[in-house]
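For reference, the chains in residue letters:
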Amino acid sequence: MGRMTLSAVAAPLLWQRAAALFERQEEWSAAASCWLKAGSGERAAASCRQGGRLLAAAFLLVDAGRISEALRCFESVLEPPERDDPESRIASRLGTAACLILQETAAKRCRLLYREARAMLAELDPQWPPLKTGRCWELLGWFGKTVNRYDLLQVGYEQALACYGARLNSERRRAVRDYLAAVRDNQQLIAALEIRSAEWELLGE
């Protein structure tokens, strides 16, 4: 028990030291990863911003409850539209809309951004790689979870799982774990997801 307690304390400290080293070398993505493993989403968000990964920072800031800062990050990549990058365009719109809902402000703008994002999802090129398409649909799942719209959470994750399929089983396994973590009181859905998750885990990669 003593060793387990020591390890539980030591591991975050080691990740913090690693993050600080990466920051000194301006390796911001690696630093952000270490901060997350150390349990500090806010420091991870700061590293993402330093490295110019504003969308990644924005999602972490939402998780940390720093909605105003997250909103600024999301808005900074709204315009001009990213070239040939539907994922960033959808993420920035759904992220901005989610922040506005959490702040209980700008309802009209929120609805507009949400409709734009849903239109982009509906118009995704069927020839686009399923990995990218699935990640776009997961954004809708994140939005649903964030604003307590579990119908949208379910639509987003179910569409993502269908995109990944057996060909991308590792992504499917990760996504179903995220899906399970986002579902709260729907015991019937949780039971069904756990069955699917167990089947996909048996398939491995």
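Residues numbered from 1 in each chain as written. Predicted model: local features only at pLDDT ≥ 70, side-chain atom pairs only at ≥ 80, totals over all residues. Heavy atoms only, no water.

Undergrad: Would you take a moment to explain the environment of Ile90 for this structure?
TA: Considering the arrangement of structural elements, one finds Ile90 in helix H6 (residues 86–103). Note: C-alpha distance between Ile90 and Ala119 (29 residues apart in sequence) is 9.4 Å. In this structure, Ile90 is in contact with Ala117, Met120, Leu121, Leu124, Cys136 and Leu139, ignoring residues within four places of it in sequence. (Helix = DSSP H or I, 4+ residues; strand = E, 2+ residues; numbered from the N terminus. Contact = heavy atoms within 4.5 Å.)

Undergrad: Would you explain the layout of surface pockets in this entry?
TA: Leftover empty space is mapped by rolling, across the atoms, a probe with the size of a water molecule. Of the pockets and cavities examined, the largest pocket occupies roughly 800 Å³. Elements that contribute at least two residues to the lining of the largest pocket include exactly helix H2 (28–37), helix H4 (54–63), H6, helix H8 (130–146) and helix H10 (169–182). The biggest single contributor to the lining of the largest pocket is H4, with 6 residues. (1 Å grid on protein atoms, 1.4 Å probe; cavity = no way out; pocket = protein on both sides within 12 Å on 5 of 7 lines; lining within 4 Å. Points joined across faces, edges and corners; volume = space filled by probe spheres on them.)

Undergrad: What exactly am I supposed to notice about the packing of H4 against H6 here?
TA: Describing two packed helices takes the angle between their axes plus the distance from one axis to the other. As a packed pair, H4 and H6 sit with axes 11 Å apart at the nearest point and diverge in direction by 30°. When the axis of H4 is compared with that of H6, the two are roughly parallel. H6 is crossed by H4, and the crossing has left-handed handedness. Taken together, the residues of H6 that come into contact with H4 (itself represented by Leu55, Phe59 and Val62) are Ser88, Ala91, Ser92 and Cys99. Within the contact of H4 with H6, the residues separate by chemical class into 5 nonpolar, 2 polar and no charged. (Axes fitted to C-alpha atoms, helices over the stretch in contact; angles between N-to-C directions. Parallel < 35°, antiparallel > 145°, perpendicular 65-115°, else oblique. Left-handed = near helix turned anticlockwise from the far one by under 90°. Nonpolar A, V, L, I, M, F, W, Y, C, P; charged D, E, K, R; others polar.)

Undergrad: How should helix H5 (residues 67–76) be read in this particular structure?
TA: Within H5, burial applies to Ile67, Glu69, Ala70, Leu71, Cys73 and Phe74. Those residues of H5 hidden inside the fold are in contact with helix H3 (41–50), H4, H6 and H8. (Buried < 20%, exposed > 50% of the residue type's maximum accessible area, 1.4 Å probe, protein only.)

Undergrad: I keep staring at H10 and nothing clicks. Help me out?
TA: At 3.6 residues per turn, the α-helix brings residues three or four places apart onto the same side. The end-to-end C-alpha distance of H10 is 20 Å, a good match for the 20 Å that 14 residues give at a rise of 1.5 Å each. Taken as a whole, H10 has its buried residues at Asn169, Glu171, Arg172, Arg173, Ala175, Val176, Tyr179 and Ala182. (Expected span 1.5 Å × (residues − 1).)

Undergrad: I would appreciate a short explanation of the pattern of salt bridges in the present structure.
TA: When the charged atoms of two side chains with opposite charge come close together, those side chains can pair. By the definition in use, this model includes 13 salt bridges. Residues Arg149 and Asp151 are paired through a salt bridge, measuring 2.7 Å at the closest nitrogen-oxygen approach. Here Asp151 falls in the partly exposed class, since its relative accessible area comes to 40%. For Arg177, the salt bridge goes to Glu201, with nearest N and O atoms at 2.9 Å. Of this pair, Arg177 sits in helix H10 while Glu201 sits in helix H11 (residues 187–203), placing them 24 residues apart in sequence. Residue Arg177 is classed as partly exposed on the basis of its relative accessible area, which comes to 43%. On the basis of relative accessibility, which here comes to 33%, the residue Glu201 falls in the partly exposed class. Here the salt bridges do not stand alone but share partners, grouping Arg135, Glu138, Glu171, Arg174 and Asp178 into one network. (Salt bridge = Lys/Arg side-chain N within 4 Å of Asp/Glu carboxyl O.)

Remember, this is a structural readout, not a statement about activity or role.
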